Amino acid sequence: MRVNATEFKTRVGKYLELVDKEEIIITKNGREVAKLIPAKKEGTPNADFLYGILSDYPNKNISAEQIREERIRNKYN
């Protein structure tokens, strides 16, 4: 969901309730300035921003080198 900054400021409570269902992009003068995302829930991995290698997360077979490569790959793709 996209909402402008003035609307967000006026109805912040509404958007705090909605954020559990979807991310909220806050815009100012038509440009994205912030993203409101749900707080981490218990049991979710700390590295959930790493998309490709998380399938190995429960086994904890993720090396620092794999994390570095994944971050670089996501940054430049």
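Under an unreviewed UniProt entry, the name given to the chain is Antitoxin, and the source organism is Thermoanaerobacter wiegelii Rt8.B1.

Asks: Looking at this model, I keep getting lost on the environment of Thr27. Mind explaining?
Replies: Inspection of the secondary structure assignment puts Thr27 in strand β2 (residues 24–28). In this structure the C-alpha to C-alpha distance between Thr27 and Arg2, which are 25 residues apart in sequence, comes to 7.1 Å. If we ignore the near neighbours within four places in the chain, the residues touching Thr27 are Arg2, Val3, Asn4, Ala5, Glu32 and Val33.

Asks: Mind showing me how you'd approach the packing of aromatic side chains here?
Replies: For any pair of aromatic rings, the description consists of the separation of the ring centres together with the inter-plane angle of the planes. Scanning all chains against the criterion turns up one aromatic pair. Ring centres 5.9 Å apart and planes at 35° place the aromatic pair Phe8 and Tyr15 in the tilted group. Here the two residues Phe8 and Tyr15 agree in accessibility, since each one is buried.

Asks: When you look at the pairing of strand β3 (residues 31–36) in this model, what are you seeing that I'm missing?
Replies: Along any regular strand, the residues point their side chains to alternate faces of the sheet. Pairing between β2 and β3: five bridges, direction antiparallel. Pairing of Ile24 across the sheet is with Leu36, part of β3. As consecutive antiparallel partners, β2 and β3 are separated by two residues, and within that stretch Asn29 has a phi angle of approximately 55°, a positive value.

Asks: Just to check I follow, could you spell out the nonpolar core for this structure?
Replies: Nonpolar side chains tend toward joint burial in soluble globular proteins. Listed in full, the seven residues of the largest apolar core are Val3, Phe8, Tyr15, Val19, Ile24, Ile26 and Leu36. Contacts of Val19, omitting those with residues within four sequence positions, involve Ile24, Leu36, Ile37 and Pro38.

Asks: Just to check I follow, could you spell out the pattern of salt bridges for this structure?
Replies: Pairing between side chains of opposite charge can happen when the charged atoms of each approach one another. According to the stated counting rule, one finds three salt bridges in the structure shown. Residue Arg2 is joined to Glu32 by a salt bridge in which the shortest nitrogen-to-oxygen separation is 2.7 Å. A residue pair is termed long-range when its members are at least 10 positions apart, and Arg2 in strand β1 (residues 2–4) and Glu32 in strand β3 qualify at 30 residues. In this structure, Lys35 engages Glu23 in a salt bridge whose closest nitrogen and oxygen atoms are separated by 3.8 Å. Placement of the pair is Lys35 in strand β3 and Glu23 in the loop between α2 (12–18) and β2, with a sequence separation of twelve residues. On the basis of relative accessible area, Lys35 is assigned to the exposed category, the value being 51%.

Asks: What should I look at first to understand the sheet that holds β3 in this one?
Replies: One key point about sheets: their strands pair by backbone hydrogen bonds, in either a parallel or an antiparallel sense. The three strands are arranged β1-β2-β3 in an open sheet whose pairing can be described as mixed. With one partner strand each, in any of the chains shown, β1 and β3 form the two edges of the open sheet. For this sheet, the mean inter-axis angle between neighbouring strands, taken without regard to orientation, is 35°. For β1 and β2, the ladder comprises three bridges, and the chain directions are parallel. Across the sheet, residue Val3 finds its bridge partner in β2, namely Ile26.

Parameters at a glance
- Residues numbered from 1 in each chain as written.
- Predicted model: local features only at pLDDT ≥ 70, side-chain atom pairs only at ≥ 80, totals over all residues.
- Heavy atoms only, no water.
- Helix = DSSP H or I, 4+ residues; strand = E, 2+ residues; numbered from the N terminus.
- Contact = heavy atoms within 4.5 Å.
- Phe/Tyr/Trp six-rings, centres within 6.5 Å; stacked < 30°, edge-to-face > 60°.
- Buried < 20%, exposed > 50% of the residue type's maximum accessible area, 1.4 Å probe, protein only.
- Pairing = 2+ DSSP bridges.
- Core = buried A, V, L, I, M, F, W, Y, C linked by side-chain atoms within 4.5 Å.
- Salt bridge = Lys/Arg side-chain N within 4 Å of Asp/Glu carboxyl O.
- Axes fitted to C-alpha atoms, helices over the stretch in contact; angles between N-to-C directions.

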